[in-house]
Amino acid sequence: MNSPQFPAATDFSGFAASLSFLESEEKGVLESKLYEKKYRKGELILEAGTVCNRIYFVDIGLVKTFFYTDTREFIMRFFPEGHMFTVLDSFLLQQPSSCSVLALEDCAVTCLNHDDLEMLCRRYHAIETFYRKLLSLAAVNMMDRIVGTLEEKGRVAYRKFLRENRALLQRISLADLASYLGITQVSLSRIRAGK
């Protein structure tokens, strides 16, 4: 399964407009609800056990979503500049998240609160269309991630990561990459060495 790519955008409203045409009134009202937050490298954007009340757009920096089991960390996704993210199940159900979100670099993100998005969806069909398309793409990408994790061997998963995310290699640790691929760091070292 090939993941559909989210559209490239330079800001939150541009991303929204790439999924659904926004009239000037809709764009203006959306922008009035957006606000910026900054996080330092290593700072938690969302801690597991809390409710994810925001959708985020990464203006600057890189973040990861992850969770822990008794034995290790599992990284779900990396989100660099120009990408939108949230912890989908927590955001939709307004229940505590099983995942955390961490800034891997100093970050600036644009945020939209859950309640504001719900209100905008009720008032504006185009914003509801943006939200529906965003959720659809996120669900397809998550299914692709799950299928890839279950079906692919480490070497295949590494090659796929290189094809889709080569630019991130210099920005993430080998430990994080191994966790994302679902393999040990030793296995990753062997794969990188071509063994």
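The structure presented is a predicted model; accordingly, all values stated were derived computationally and were not measured.

Cut-off values and rules
Numbering of residues starts from 1 in each chain and follows the order in which that chain's sequence is written. Local features in a predicted model are, by the rule used here, given only for residues with pLDDT of at least 70; side-chain atom pairs are given and counted only at 80 or more, and totals for whole chains, interfaces and linings are based on all residues. Working from all heavy atoms in the structure, the side-chain values ignore hydrogens and water. Whether two strands pair depends on DSSP finding at least two bridges between them. Note on conventions: DSSP H or I runs of at least 4 residues are helices, E runs of at least 2 residues are strands, and numbering of each starts at the N terminus. Whether two residues touch is decided by their heavy atoms; if any such pair falls within 4.5 Å, the residues are in contact. Helix axes are fitted only over the stretch in contact, all axes being lines through C-alpha atoms; the angle between N-to-C directions runs from 0 to 180 degrees. We call two directions roughly parallel when the angle between them is under 35 degrees, roughly antiparallel when it is over 145, roughly perpendicular when it lies between 65 and 115, and oblique otherwise. Using protein atoms alone on a 1 Å grid, points that fit a 1.4 Å probe yet trap it form a cavity, whereas open point sets bounded by protein on both sides within 12 Å along at least five of seven lines form a pocket; residues with an atom within 4 Å of a point count as lining. Grid points are joined across faces, edges and corners, and a volume is the space filled by probe spheres set on the points. Nonpolar residues are Ala, Val, Leu, Ile, Met, Phe, Trp, Tyr, Cys and Pro. Charged residues are Asp, Glu, Lys and Arg, and all others, Gly as well, are polar. Partly exposed residues are those whose accessible area sits between 20% and 50% of the maximum for their type, while under 20% is buried and over 50% is exposed, using a 1.4 Å probe and protein chains only.

**Some points on the sheet that holds strand S1 (residues 35–39)**
Point 1. A sheet is described by the order of its strands in space; here four strands give the open sequence S1-S8-S3-S6, paired in antiparallel fashion. Whereas interior strands pair on both sides, the edge strands pair on one side only; in this sheet they are S1 and strand S6 (84–85).
Point 2. In this sheet, strand S8 (residues 107–113) lies alongside strand S3 (residues 54–60) in antiparallel orientation, the contact comprising six bridges. The residue bridging Tyr56 from the neighbouring strand is Cys111, located in S8.
Point 3. Running at roughly 115 degrees to S3, helix H1 (residues 12–19) makes contact with S3, S6 and S8 of the sheet.

**Observations regarding the pairing of S3**
Point 1. Inspection of the sheet shows S3 paired to S6 by two bridges, in the antiparallel sense. Bridge pairing links Phe57 to Met84 in S6.

**Here's the deal with the packing of helix H7 (residues 174–181) against helix H8 (residues 185–193)**
Helix-helix packing is described using two parameters, namely the angle between the two axes and the distance between the axes.
Point 1. Between H7 and H8, whose axes approach to 9 Å, the crossing angle comes to 95 degrees. As judged from the angle between their axes, H7 and H8 are roughly perpendicular. Here Leu174, Ala175, Leu177, Ala178 and Leu181 of H7 come into contact with H8, specifically with Gln185, Leu188 and Arg192.

**Thoughts on the layout of surface pockets**
The rolling of a water-molecule-sized probe over the atoms marks out the regions of remaining empty space.
Point 1. Size it by volume and the second largest pocket reaches roughly 450 Å³.
Point 2. As for the second largest pocket, its lining consists of 22 residues, and the residues nearest its centre are Thr86, Val87, Leu88, Ala138 and Met142.
Point 3. Only strand S4 (62–68), strand S5 (73–80), S6, helix H3 (88–93) and helix H5 (125–151) provide two or more residues apiece to the lining of the second largest pocket.
Point 4. For the lining of the second largest pocket, the element with the highest residue contribution is H5, accounting for six residues.
Point 5. In terms of residue class, the lining of the second largest pocket is made up of 16 nonpolar, four polar and two charged.

**As for the sheet that holds S4**
Point 1. Pairing is antiparallel across the open sheet formed by four strands, whose spatial order is S2-S7-S4-S5. Since the sheet does not close on itself, it has two edges, and those belong to strand S2 (44–46) and S5, each with one partner. The average angle at which neighbouring strand axes cross in this sheet is 30 degrees, direction not considered.
Point 2. Bridge analysis of S2 against strand S7 (residues 100–103) gives two bridges, and the strand direction is antiparallel. Among the inter-strand pairings, Leu46 is bridged to a residue of S7, identified as Val101.
Point 3. Of the strands in this sheet, S4 and S5 touch H7, which is tilted by about 105 degrees from S5.

**Description of the environment of Ile127**
Point 1. Turning to its location among the elements, Ile127 is positioned in helix H5.
Point 2. Under the relative-accessibility criterion, Ile127 is labelled buried at 1%.
Point 3. Separated by 92 residues in sequence, Ile127 and Tyr35 place their C-alpha atoms 17 Å apart.

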